[in-house]
Amino acid sequence: MTSLPAAKASLATRCSRLMGALALAAMVAGCAVTAPSKTAVRMDDTPRIAVISAFAPELTVLLPQMQQPAKYSINGVEFTTGTLEGKPVVVFLSGISMTNAAMNTQLVLDRFNVSHVVFSGIAGGVNPSLHIGDVTVPAQWGQYMEWLMAREDQPGQYSAPAWMKSELTMPAFGMMHPRPVEVRSAAQPQLSKKFWFEADPKMLATARSLQNVGLEYCLAATCLKQRPQLVVGGNGVSGQAFVDNKAFREYAFKTFEANVLDMETAATAMVAHSNGVPYIAFRSLSDLAGGGEGENEMGTFMGLAAANSAKVLRAFLAAWR
């Protein structure tokens, strides 16, 4: 009679030999076993323009205009493919913040065949010559809150580490010194530092060609003091903070010559740059980032501003060749 330990050993040996034989048979048949692939599956192969907005009020004015919509959900983000003004697009919400914008811009590039990236939404106005409802199309965007928080040596006096001083080329706001960001790209894989991320020249040229877009200036019974305008060129800046401070607004305009500031575009611009994908952004002023009289106006005018940004986006897509 075979002992129990010997029986178990014999069974294990037979199982091992059987698995080896099966593996050999699979290889002979050209079917070698491999680990499951973790490569992202592309949801759609049609070359499309990615149209991004940060939060729902910006996107709700676009989705009803889409033709032949099809929806996909990836990591909880809903992507809608279809056509807009005759152009194949994939439309989605990035979510508010630099992190969400970067993460979900890369997600759409990985999972769809994206030829160009377009951001459409609202922003805070920084340039005192611009007004609520105006639509800006900056030529470049920077991440202006990539800060050094400097050491306070004496009350109101700050110093930077010696090794960092060469990159602190812009004026500080108190202890906060803006810095460039580290970046790599497919075209330039070596690590470098960059502050401004340029919009695509051809896309900017198309934006400059737009005429008579017909921007809204009344929302229900509330009308603006002047008709909004389309401004193409200049600078935009993005950072992690919602800005509603007059002194900081003045600093942002003086230091960066910015027309507008927001919380997403420069992050999307950096991802587009790293992937070698052309981008442009349309941002309409919903408030003056602390420069207006009384309370912040975004709650009052974000619907009007979002509609104006969407109008310019649609005019751009109709003109794009």
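Notes on the structure follow. (Residues numbered from 1 in each chain as written. Predicted model: local features only at pLDDT ≥ 70, side-chain atom pairs only at ≥ 80, totals over all residues. Heavy atoms only, no water.)

**Topic: helix α4 (residues 201-208)**
An α-helical turn contains 3.6 residues, so any two residues separated by three or four positions project in the same direction.
Piece 1. Those residues of α4 that fall on the buried side of the exposure criterion are Met 203, Leu 204, Thr 206 and Ala 207. Projected down its long axis, α4 shows its buried positions confined to an angular sector of 160°, all on one face. Opposite the buried face of α4, at more than 90 degrees from it, the exposed residues are Pro 201 and Lys 202.
Piece 2. Packed against the buried residues of α4 are β5 (112-125), β6 (135-137), β17 (230-232), β20 (279-287) and α7 (298-319). (Buried < 20%, exposed > 50% of the residue type's maximum accessible area, 1.4 Å probe, protein only. Helix = DSSP H or I, 4+ residues; strand = E, 2+ residues; numbered from the N terminus. Arc of directions from axis to C-beta. Contact = heavy atoms within 4.5 Å.)

**A word on the environment of Ile 132**
Piece 1. Assignment of secondary structure puts Ile 132 in the loop between β5 and β6.
Piece 2. Placed 153 residues apart in sequence, Ile 132 and Leu 285 show a C-alpha to C-alpha distance of 4.8 Å.
Piece 3. Sequence-distant contacts of Ile 132, that is, excluding residues within four places in its chain, are made with Leu 224, Leu 285, Ser 286, Asp 287, Leu 288, Glu 297 and Phe 301.

**Observations regarding the pattern of salt bridges**
Piece 1. The final tally for this structure, using the stated rule, is 10 salt bridges.
Piece 2. The residue Lys 193 makes a salt bridge to Glu 167 at a minimum N-O spacing of 2.5 Å. Of this pair, Lys 193 sits in strand β13 (residues 192-194) while Glu 167 sits in the loop between β10 (157-159) and β11 (176-178), and the two are 26 residues apart along the sequence.
Piece 3. We classify Lys 193 as partly exposed; its relative accessible area is 46%.
Piece 4. Asp 262 is paired through a salt bridge with Arg 283; the nearest N and O atoms lie 2.7 Å apart. Remark: Arg 283 occurs in strand β20 and Asp 262 occurs in strand β19 (residues 258-262); sequence separation between them is 21 residues. (Salt bridge = Lys/Arg side-chain N within 4 Å of Asp/Glu carboxyl O.)

**Some words on the packing of aromatic side chains**
Piece 1. Considering all chains together, one arrives at 14 aromatic pairs under this definition.
Piece 2. Relative to Tyr 251, the ring of Phe 173 lies with its centre 5.1 Å away and its plane at 45°, an arrangement referred to as tilted. Remark: Tyr 251 occurs in helix α5 (residues 246-256) and Phe 173 occurs in the loop between β10 and β11; sequence separation between them is 78 residues.
Piece 3. A ring pair is formed by Phe 282 and Phe 316, whose centres lie 5.3 Å apart and whose planes are at 55°; its orientation type is tilted. Taken together, the residues Phe 282 in strand β20 and Phe 316 in helix α7 connect sequence positions 34 residues apart. Exposure class is identical for Phe 282 and Phe 316. Each is buried.
Piece 4. One aromatic cluster in this structure is built from Tyr 144, Trp 147, Phe 173, Phe 195, Trp 196, Phe 248, Tyr 251 and Phe 256.
Piece 5. Its end group placed over the ring of Phe 197, Lys 194 keeps NZ or CZ at 5.5 Å from the ring centre.
Piece 6. Of note, Lys 202 hangs over the ring of Trp 320, and the distance from its end group to the ring centre comes to 5.1 Å. (Phe/Tyr/Trp six-rings, centres within 6.5 Å; stacked < 30°, edge-to-face > 60°. Lys NZ or Arg CZ within 6 Å of the ring centre and 35° of its normal.)

**Section: the nonpolar core**
Piece 1. Phe 79, Val 108, Val 114, Ile 280, Phe 282 and Phe 316 are the most contacted members of the largest nonpolar core, which totals 65 residues.
Piece 2. At 7 residues, α7 tops the list of elements feeding residues into this core.
Piece 3. Here Val 108 is in contact with Ala 50, Phe 79, Val 90, Phe 92 and Val 114, once residues within four sequence places are set aside.
Piece 4. The next biggest cluster of nonpolar side chains, apart from the first, holds 16 residues, and it includes Met 145, Trp 147, Met 176 and Leu 261. (Core = buried A, V, L, I, M, F, W, Y, C linked by side-chain atoms within 4.5 Å.)

**Notes on the packing of helix α3 (residues 98-111) against helix α6 (residues 265-275)**
How two helices pack is summed up by the angle between their axes together with the distance between the axes.
Piece 1. The N-to-C vectors of α3 and α6 enclose an angle of 35°; their axes lie 8 Å apart at closest approach. Here α3 and α6 pass one another in a crossing that is right-handed. Packed against α3, whose contacting residues are Met 98, Ala 101, Ala 102, Thr 105, Gln 106 and Leu 109, the element α6 presents Ala 266, Ala 267, Thr 268, Val 271 and Asn 275 at the interface.
Piece 2. When the residues that make up the contact of α3 with α6 are grouped by side-chain class, the tally is 7 nonpolar, 4 polar and no charged. (Axes fitted to C-alpha atoms, helices over the stretch in contact; angles between N-to-C directions. Left-handed = near helix turned anticlockwise from the far one by under 90°. Nonpolar A, V, L, I, M, F, W, Y, C, P; charged D, E, K, R; others polar.)

**What about unusual backbone geometry?**
Piece 1. A positive phi angle, near 50°, is found at Gln 68, a position not held by glycine.
Piece 2. Residue position: Gln 68 is located in strand β2 (residues 67-74).
Piece 3. Assessed through its relative accessible area of 68%, Gln 68 is described here as exposed.
Piece 4. Phi is positive for Glu 257, close to 50°, though the residue is something other than glycine.
Piece 5. Among the secondary structure elements, Glu 257 is positioned in the loop between α5 and β19.

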